[in-house]
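The chain contents come next:
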Amino acid sequence: MMIWTEHLFLGVLFRDLQGVPMWFVIDNKIRYIVLILSGLLVLCFSQAIADELSERADLFNKTRVLFSERNFEELSRISDHYRDSGERMSSGLWKLDYFYKGFSAPDRMFNISQDYWSMMENRALSWAKKQPGSPTPHIAYAIILQDQAWRVRGTRYANTVTQEQRIKFHKLIAKARAYLLRHREVGSKDPHWYANMLDIAKVEAWPKKDFEALFSEAIQAGPYYYGSYFSGGGYYHPSWHGTVQELEDFARKAIEYTEDQEGKGIYARIYWSANHGSLWMVAFTKSRVSWSLMKEGIDDVLSRYPDQWNIQNFAHFSCQAMDKEKTKELINRIDDAIIESAWTQVFSYEKCKGWAFRNT
């Protein structure tokens with residue numbers, strides 16, 4: 001099933017990009033074939049060792065294919081279902097969140113032409129015109145604009161971004177903000193509308209009082225939707241507009257909104273999300289994270305979602321926290337192949353296992 005899905009996805013992608021000048025030109029056929037085979041092997045391996053990763057790939061590809069085929073009714077039906085049911089991935093993450101990731105370009109695409117972005121924008125606007133009362137096409141359109149903005153800017157340090165890149169980046173972000181606000185009445189029926197707006201508020205450096213007002217609306221609309229909390233954690237991350245203490249205060253406050261269903265799990269998830277902002281490597285020396293509270297959050301997540309993706313990531317975090325007993329406990333729960341992307345070179349599975357079980 002995974003091989004068929006990926007094959008179909010790649011076929012649709014190439015059909016979409018016919019005539020678009022990109023890296024897969026004729027003289028790069030060999031390189032392209034290698035990419036396909038590599039992708040298939042990775043996907044098959046991921047399916048064998050991690051339900052979470054294969055679920056993500058399947059959902060991303062499914063969204064991508066349906067959008068390429070202009071099957072707007074099915075896309076709206078799926079998003080309605082995920083929104084109303086709150087259905088989760090094996091890890092407990094919301095399927096609605098990963099459904100929307102399918103409107104972003106695949107990571108393996110680079111040097112994307114303006115023709116591609118125009119095609120994607122026009123398709124989303126066509127969908128919005130056919131179904132103006134659905135929040136999904138409006139959110140998808142904003143995601144396409146935001147994705148384009150980040151592809152223009154890149155993920156490099158700010159001092160390496162050219163003035164031209166910076167101007168175009170902020171122009172696209174402003175365009176996404178204006179569109180979302182223009183369709184707020186319909187779009188805000190979906191909690192991902194708020195997650196998008198919170199991300200925009202972070203990028204545009206909204207004053208804290210304005211960000212907090214938006215976040216307050218977000219949790220009233222969807223108190224258990226992780227996307228809003230991850231976006232909030234991003235805003236308060238020290239590399240953006242907050243401090244380590246503000247991030248800690250935010251993570252603790254999030255418990256109050258979700259504890260009846262999540263226990264302390266949201267605390268662990270917010271710091272996990274913050275790991276993508278490079279905070280985690282210094283989390284126990286320069287941040288205010290409470291490891292005892294983090295462990296409670298880990299246990300609460302795993303009591304509901306004992307997925308190998310969760311177990312191995314939390315084992316990795318426990319090793320970084322130098323908690324030998326928790327590291328041993330979680331490594332003993334690993335019953336599948338090692339998921340390499342859950343570990344780092346510094347804190348690899350082999351190093352952490354060797355340290356945790358030494359002299360025992």
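It should be noted that the structure appears before, not after, this text.
Okay, so let's go over this structure. Counting restarts for each chain: residues are numbered from 1 in the order of the written sequence. pLDDT decides what is reported in this predicted model: residues at 70 or higher carry local features, side-chain atom pairs at 80 or more are listed and counted, and totals for whole chains, interfaces and linings draw on all residues regardless. As a rule here, side-chain values come from all non-hydrogen atoms in the structure, and water together with hydrogens is ignored.

**Concerning the overall build of the protein chain**
- Strands are runs of DSSP state E lasting at least two residues, helices are runs of H or I lasting at least four, and both sets are numbered from the N terminus onward. Across its full length, the protein chain carries 18 helices and zero strands.
- When a residue's accessible area, from a 1.4 Å probe over protein chains only, is under 20% of the maximum for its type it is buried; when over 50% it is exposed; and in between it is partly exposed. Here the protein chain holds 360 residues, and the buried ones make up 56% of them.
- Working definition of accessibility: Shrake-Rupley area with a 1.4 Å probe, residue cover restricted to the visible protein chains. By element, 54% of the accessible surface of the protein chain is carried by carbon and sulfur atoms, the whole surface being about 16,900 Å².

**Structural notes on unusual backbone geometry**
- In this structure, R70 is a non-glycine residue whose phi angle is positive, near 60 degrees.
- Within the secondary structure, R70 sits in the loop between α3 (51-68) and α4 (72-85).
- The exposure class assigned to R70 is partly exposed, which follows from its relative accessible area of 43%.
- With phi around 55 degrees, A205 is a residue other than glycine that occupies positive phi space.
- As for its placement among the helices and strands, A205 is situated in the loop between α10 (191-203) and α11 (208-221).

**Things to note about the packing of helix α12 (residues 226-236) against helix α14 (residues 265-274)**
- A fitted line through C-alpha atoms represents every axis, and for helices the fit uses only the stretch in contact; the resulting angles, taken between N-to-C directions, go from 0 to 180 degrees. Direction vectors running N to C along α12 and α14 enclose 55 degrees, while the axes themselves pass 9 Å from each other. The angle between the axes of α12 and α14 places the two elements in the oblique class. The element α12 and its partner α14 pack so that their crossing is right-handed. Taking contact as the criterion, the partners of Y226, Y229 and F230 in α12 are, on α14, I266, R269, I270 and S273.
- All residues other than Ala, Val, Leu, Ile, Met, Phe, Trp, Tyr, Cys, Pro, Asp, Glu, Lys and Arg, Gly among them, are scored as polar; the first ten of these are nonpolar and the last four charged. Considered class by class, the residues forming the contact of α12 with α14 number five nonpolar, one polar and one charged. Angle categories are assigned with fixed cut-offs, so that under 35 degrees is roughly parallel, over 145 is roughly antiparallel, 65 to 115 is roughly perpendicular, and the rest are oblique. Left-handed describes a crossing whose near helix is turned anticlockwise from the far helix by less than a right angle; the clockwise case is right-handed. Whether two residues touch is decided by their heavy atoms; if any such pair falls within 4.5 Å, the residues are in contact.

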